[in-house]
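Report on the structure
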Amino acid sequence: MKQIIVGNWKMNGLSADADALVDGLAAQLAALSPRADVVVCPPFTQLARLAPKLKQAGIKLGAQDCHKDKSGAHTGDISAPMLVDLGVEYVILGHSERRAEHHELDETVREKTVAAMAAGLTPIVCVGENDDQRSAGDSQATVGWQIEGSLPQGFRGIVAYEPIWAIGTGQAASQQDIADMAAFIRAELVRQFGDAGKTMQILYGGSVNERNVTDILPVEHVDGALVGNASLKADAFVPLVRAARAS
Ligand code: 13P
């Protein structure tokens, strides 16, 4: 199956940088055909501006969060239908930075996932253990609970395994750790969702870069990558797309 490379820009990108990055991606990706699916998730402020350029380049647009309600008195929040209105197709939910900084619980993530699916977005739901949980040997138990709590009944979307200790450290999880966790997640998805769980895409995220991507993407049950830092420069991101399965 085709793999998918998702760039999570996080809170980065003023208009000039964002334009330059997308122009660079468009130019370099045009030479890659066939290629893996590519999604970029800029901050909310850039979505409307970048949508036409990205569409022209065959790059899908994603957002980094959405509210659980369609509309209403929620100052500062953005709903899933508002994202669809701008041409957004994917939304990252339950990222560890949101779980930590905005106190999002599995239940919060589950409600947002329901809202995203109802609006027609493909949710990319993030799970992953922290350093303490890993040291205690609780990685799989933690991720198992997160999957059970964060994914609603009838879930259709993508699951991203992002071990917190690997994010932004330059040190990705080892091939063995990724293989073990991806197999565990696959088994959990099949247990919860039956046949549909067999084909749900599982991504790895956490310090993916040009040097380690060729170890990560071939791992069984890994269907792509969720990329932070290396998604902010076309020269760093395009090699990841090149390394991904194109069919
Ligand atoms: P880095 O690739 O910068 O480690 O970030 C990973 C991530 O959090 C993507 O969502």
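The structure displayed is predicted, hence computed values, not measured ones. The written sequence of each chain sets the order in which its residues are numbered from 1. Under the rules for a predicted model, residues below a pLDDT of 70 receive no local features and side-chain atom pairs below 80 are neither given nor counted, while totals for whole chains, interfaces and linings still include all residues. Note that water and hydrogens are dropped before the side-chain values are worked out from all heavy atoms of the structure.

1. Re the sheet that holds strand β4 (residues 90-93)
The 8 strands lie next to each other as β1-β2-β3-β4-β5-β6-β7-β8, forming a closed barrel whose pairing is parallel. Between one strand axis and the next, the sheet turns through 25° on average, direction left out of account. Along the sheet, helix α8 (residues 175-193) contacts β5 (122-127), β6 (158-161) and β7 (202-205); its crossing angle with β7, the most-contacted strand, is approximately 145°. Should any heavy atoms of two residues lie within 4.5 Å, those residues are counted as being in contact. Throughout, an axis means a line fitted to C-alpha atoms (over the contacting stretch in the case of helices), and angles, computed between N-to-C directions, take values from 0 to 180 degrees. Under the scheme used here, helices are H or I runs from DSSP no shorter than 4 residues and strands are E runs no shorter than 2 residues, and both carry numbers assigned from the N terminus. Relative to strand β1 (residues 4-8), helix α11 (residues 234-243) is tilted by about 160°, and along the sheet it contacts β1, β2 (37-41) and β8 (224-227). Any two strands with at least two DSSP-identified bridges between them are counted as paired.

2. Quick notes on the packing of aromatic side chains
Centres within 6.5 Å are what make two rings of Phe, Tyr or Trp a pair, Trp counting through its six-membered ring; a difference in plane orientation under 30 degrees is then read as stacked, over 60 as edge-to-face, and the rest as tilted. Scanning all chains against the criterion turns up 2 aromatic pairs. Between Phe-155 and Phe-193 the ring centres are 6.0 Å apart and the planes differ by 45°, which places this aromatic pair in the tilted class. Of this pair, Phe-155 sits in the loop between α7 (139-150) and β6 while Phe-193 is found in helix α8, placing the two residues 38 residues apart along the sequence. For the exposure calls, accessible area comes from a 1.4 Å probe over protein chains only, and a residue counts as buried if that area is under 20% of its type's maximum, exposed if over 50%, partly exposed in between. Judged by relative accessible area, Phe-155 falls into the buried class, the value being 0%. Accessibility expressed as a relative area gives 13% for Phe-193, which makes it buried. By the criterion adopted, a ring carries a charge over it if an Arg CZ or a Lys NZ lies within 6 Å of its centre and within 35 degrees of its normal. The cationic tip of Arg-134 hangs over the ring face of Trp-165; the distance from NZ or CZ to the ring centre is 3.8 Å.

3. With respect to the UniProt feature "active site" (unreviewed entry) in the protein
UniProt positions are given in the numbering used here, feature names are shortened, and annotations may be inferred rather than shown by experiment. Mapped onto this structure's residue numbering, the UniProt feature "active site" (unreviewed entry) falls at His-95 and Glu-162. For this annotated set, covering 68 residues, all C-alpha atoms fall within 8.4 Å of each other, a compact arrangement in space. Of the annotated residues named above, the ones that line the largest cavity are Glu-162. Other than its neighbours up to four places away in sequence, His-95 contacts Asn-8, Lys-10, Cys-126, Glu-162 and Ile-167. Position of Glu-162 relative to the elements: it lies in the loop between β6 and α8. Both cavities and pockets are sets of points on a 1 Å grid over the protein atoms alone; in a cavity a 1.4 Å probe fits but cannot get out, in a pocket the set is open with protein on both sides within 12 Å along at least five of seven lines, and lining residues sit with an atom within 4 Å of a point.

4. Let's talk about the pairing of β1
Burial analysis of β1 places 5 of its 5 residues in the buried class, the great majority of the element. Alternating residues of β1 divide into Ile-4, Val-6 and Asn-8 and Ile-5 and Gly-7, and every residue in both groups is buried. In this sheet, β2 lies alongside β1 in parallel orientation, the contact comprising 5 bridges. Within the sheet, the bridge partner assigned to Ile-4 lies in β2 and is Asp-37. Taken together, β1, helix α1 (residues 15-29) and β2 form a β-α-β motif whose crossover is right-handed. Bridging between β1 and β8 involves 4 bridges; their strand directions are parallel. In the strand pairing of β8, Gly-7 is matched with Val-227. When the strands point away from the viewer and the connection leading from the first strand across the helix to the second strand turns clockwise, the crossover is called right-handed.

5. Brief notes about the nonpolar core
Take the buried residues of types Ala, Val, Leu, Ile, Met, Phe, Trp, Tyr and Cys, join any two whose side-chain atoms come within 4.5 Å, and each joined set is a nonpolar core. Among the nonpolar cores identified, the biggest contains 65 residues, and Ile-5, Leu-25, Ile-185, Leu-189, Tyr-204 and Phe-237 are the most heavily contacted of them. It is α8 that contributes the most residues to this core, 7 residues altogether. Apart from the residues within four sequence positions on either side, Tyr-204 is in contact with Tyr-161, Pro-163, Ala-166, Ala-172, Ala-173, Ile-178, Ile-216, Gly-224, Ala-225 and Leu-226.

6. Section: empty space enclosed by the protein
Grid points are joined across faces, edges and corners, and a volume is the space filled by probe spheres set on the points. For the structure on display, the rule yields 2 cavities of 30 Å³ or more. Its volume calculated, the largest cavity comes out at about 40 Å³. Lining the largest cavity, in full, are Gly-94, Ser-96, Arg-99, Cys-126, Val-127, Gly-128, Gln-146, Glu-162 and Ile-164. In terms of residue class, the lining of the largest cavity is built from 3 nonpolar, 4 polar and 2 charged. Computed from the structure, the second largest cavity encloses a volume of approximately 30 Å³. Lining the second largest cavity we find Tyr-161, Ile-178, Met-181, Ala-182, Ile-185, Ile-202, Leu-203, Tyr-204 and Val-222. Among the elements of the structure, α8 and β7 are those that each provide at least two residues to the lining of the second largest cavity. With 4 residues, α8 is the largest single contributor of residues to the lining of the second largest cavity. Residues are sorted three ways: Asp, Glu, Lys and Arg are charged, Ala, Val, Leu, Ile, Met, Phe, Trp, Tyr, Cys and Pro are nonpolar, and all the rest, Gly among them, are polar.

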